[in-house]
Structures are given as C-alpha cells and as structure tokens.
Amino acid sequence: MQDPEHTHAAHDHAPHRDRAHAHAAGHHGHDHARGASAHRLRWALAVLLIFTVIEAVGGWWVNSLALLSDAVHMAADSAALLLALVAIRLSARPPSARLTYGNGRWQTLAAFVNGLVLLLLTVGLIVEALQRLWRPEAVEGGWMLVIAALGGLANLGALFALTGGESLNERGARLHVLSDLLGSAAAMLAAGLILGFNWTVADPLLSLLVSALILRSGWHLTRDSAHVLLEGAPASLSASEVREALAEVPGVAGAHHVHVWSLDGAEPVVTLHVRLAAQAESEATLRAVHHRLHDALGIEHATVQIEAGACIGPGQSHCHLG
C-alpha cells in the first residue's frame, strides 16, 4: 500500500486510453465552441455598429429620447460584443506560470463588466427620462417610427446571430441586444402615440418602462458573473452532491474539504479530501473517485487528496470526517 498521506494531482498519471480520449475530445469541443461563439459575436457586432450610427443620428435629428436611449444602448452593446470577442481570444491562450488555470476567467470578467455598464447606462437614461416628464419636448413622430423600425430589424438580426451560445459571455451579449430590441419596440410605440395623439410624453414614459426591464436583466447578469468570480458553486452542482456521489465508491470512508466552483460559469472544478476505508488501496481508490466524479457528475477537473487517518489540517472548523 502506498503512503496514505500522499497528495495526488488532479488527473491520474496511470495510462488510461479512454480517459485520455475523453479529455482530448473535450478540449477539441471547447476549441470548436470558442470558434462558433466568436463567429456569432462578430456578425452581431457588425450589425449593431451600423445601426448604432443610424439611430444616434436619427434620434438627434428628430429629438427623440427613446431613439437616443436605444442608440446609447446599441453603442454599449457594440462595446460589450467587442469586449466579449477580446475575452474569447484571451481565454484561448494556454496556462502560464502566472495563470496556472489558464485564461478562462476573462469571459466571466467581461460578462461582469458588461452587466455593470448596462446598469450604469440605464440609470443615466432613467434620470434623463424623468427630466423630460417634467419638461416634454417636441418630437418628429414619422421619422422616429421609421428609424425605430430599422433599429428593431437590426436587433432581431443580431439576436438571431447570437442564438445557441450558452456561456456567461454570450448571455451578456444577448441581454444587451435584447434590451436594444425592447428599446426599439418602445420607440415604435412612442412614435405611434405621438403621431396618433400628439402625446409627446410617451417618449420618456416608454423609455422608463424599457429601462426598468433592462435593469432587471443587467442585475441578473452582474449577480451571476460576480458569483463565479467569488468562487461560488455552480447552480448545476453542490458540495453535498459530490459527497453523496462518492459515498458509493468502494474504498471511500468519507469526503470532506469539498469545494466546488467554476472558471467560466459552465465547467465545474472540484477539490476535496477523501478518507480511505480500512484496507483500501490508495491508487485504486483515487482512480475510482475520478471515474465517479466524471461519470456521475461530469467533472473534468478534480484535485483529490487521499487520507488514511485523521483529517489533514485538524485545526480548521470544517475539517471533519465525512
């Protein structure tokens, strides 16, 4: 039997062709997903950049706060998509001496920044809309309707281009584009009310309604990405689930020091201590633990420490035998 207090690395070093093939396929899948994500973001960025200019110029020309609000959001979205593309490129870089886990966190960081920017811009637009409620201004409803409709079509195209992405980064990009689509719809409705009833107060009122919806989306994105940056457990996996899965592994008497987090909000990472049962062989148990984590919970990256006696670090309150 090997030294029971030996700390084992994250992946078995013993030859195992099936696991090696699975990891190679996983890395290839991640590379393909990154390429598809970048392609979707580039198309969406091209569409939004063109119509940001159109709505900004048009909103200034017809004096519409709803159009200008949508143009500001589209400009923010364009910046967000550009940031997302940069994050994808950075996340493809291999691990280094300074970034031993690699660069996967760049996408989460980009999502967090995008959420904060969305919240700040929306607050600014709410302030402007409230001011216009007290002092309504004349708006050219006809051209406002045409420009808002064109902006809505552009946002639909960008939203279609982003369909299929599930990373936090792409979720953030979709939220930005969806907020623009709501802004275009609000601008169209406001234009119709101005044309039909000369109700110029509809412009700031609809801006406020859309801003409230955008605030909710921005808050969820910021909260979710902050949870990942703070090493929170993914919604799909908990420490208790890991302990329950390992309870069925032969040779495992218990698991403790279980920590679950994620680099990008999608791939879970786990570290834990495993206490050996009497007469259990450490290498065989370690291999069985990794297979169980992979097959039952889909965990690709786990760091497991094997213990035969007392918990390592008994002075810590959470060091207990499972």
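Residues numbered from 1 in each chain as written. Predicted model: local features only at pLDDT ≥ 70, side-chain atom pairs only at ≥ 80, totals over all residues. Heavy atoms only, no water.

Focus on the environment of Ala255
- Residue placement: Ala255 occurs in strand E1 (residues 252-262).
- For Ala255, a relative accessible area of 5% puts it in the buried group.
- In the structure, Ala255 is positioned 13 residues away from Val242 in sequence and 8.5 Å away in space, judged by C-alpha atoms. (Helix = DSSP H or I, 4+ residues; strand = E, 2+ residues; numbered from the N terminus. Buried < 20%, exposed > 50% of the residue type's maximum accessible area, 1.4 Å probe, protein only.)

Quick word on helix H4 (residues 141-161)
- Over its 21 residues, H4 runs 30 Å from end to end, which matches the ideal 30 Å to within 8%, given 1.5 Å per residue.
- Considered for burial, the residues of H4 that qualify are Gly141, Met144, Ile147, Ala148, Gly151, Gly152, Ala154, Asn155, Ala158 and Ala161. (Expected span 1.5 Å × (residues − 1).)

Brief notes about the UniProt feature "transmembrane region" (unreviewed entry) in the protein
- The UniProt record annotates "transmembrane region" (unreviewed entry) at residues 43-62, 68-88, 109-130, 142-163 and 175-195.
- The distance from the first to the last C-alpha atom of residues 175-195 is 30 Å, and the span holds 100% helix and 0% strand. (UniProt positions renumbered as here; feature names shortened; annotations may be inferred.)

Brief notes about the environment of Met74
- The topology assignment puts Met74 in helix H2 (residues 65-91).
- Exposure remark for Met74: the relative accessible area of 0% places this residue in the buried category.
- The residues touching Met74, leaving out its near neighbours within four places in the chain, are Leu48, Phe51, Thr52, Glu55, Asn155 and Asp180. (Contact = heavy atoms within 4.5 Å.)

Re the packing of aromatic side chains
- With the rule as written, the count across this model stands at two aromatic pairs.
- With centroids separated by 5.2 Å and ring planes inclined at 50°, the aromatic side chains of Trp61 and Trp143 adopt a geometry described as tilted. Of the two residues, Trp61 is situated in helix H1 (residues 17-62) and Trp143 in helix H4; the sequence distance between them amounts to 82 residues.
- The exposure class of Trp61 is exposed, given its relative accessible area of 52%.
- Relative accessible area serves as the criterion here: at 44%, Trp143 is assigned to the partly exposed category.
- Measuring from ring centre to ring centre gives 6.3 Å for Tyr101 and Trp261, while their planes differ by 85°; the resulting arrangement is edge-to-face. With Tyr101 in the loop between H2 and helix H3 (105-134) and Trp261 in strand E1, the pair connects residues that are 160 residues apart, well separated along the chain.
- The class of Trp261 is buried, set by a relative accessible area of 11%. (Phe/Tyr/Trp six-rings, centres within 6.5 Å; stacked < 30°, edge-to-face > 60°.)

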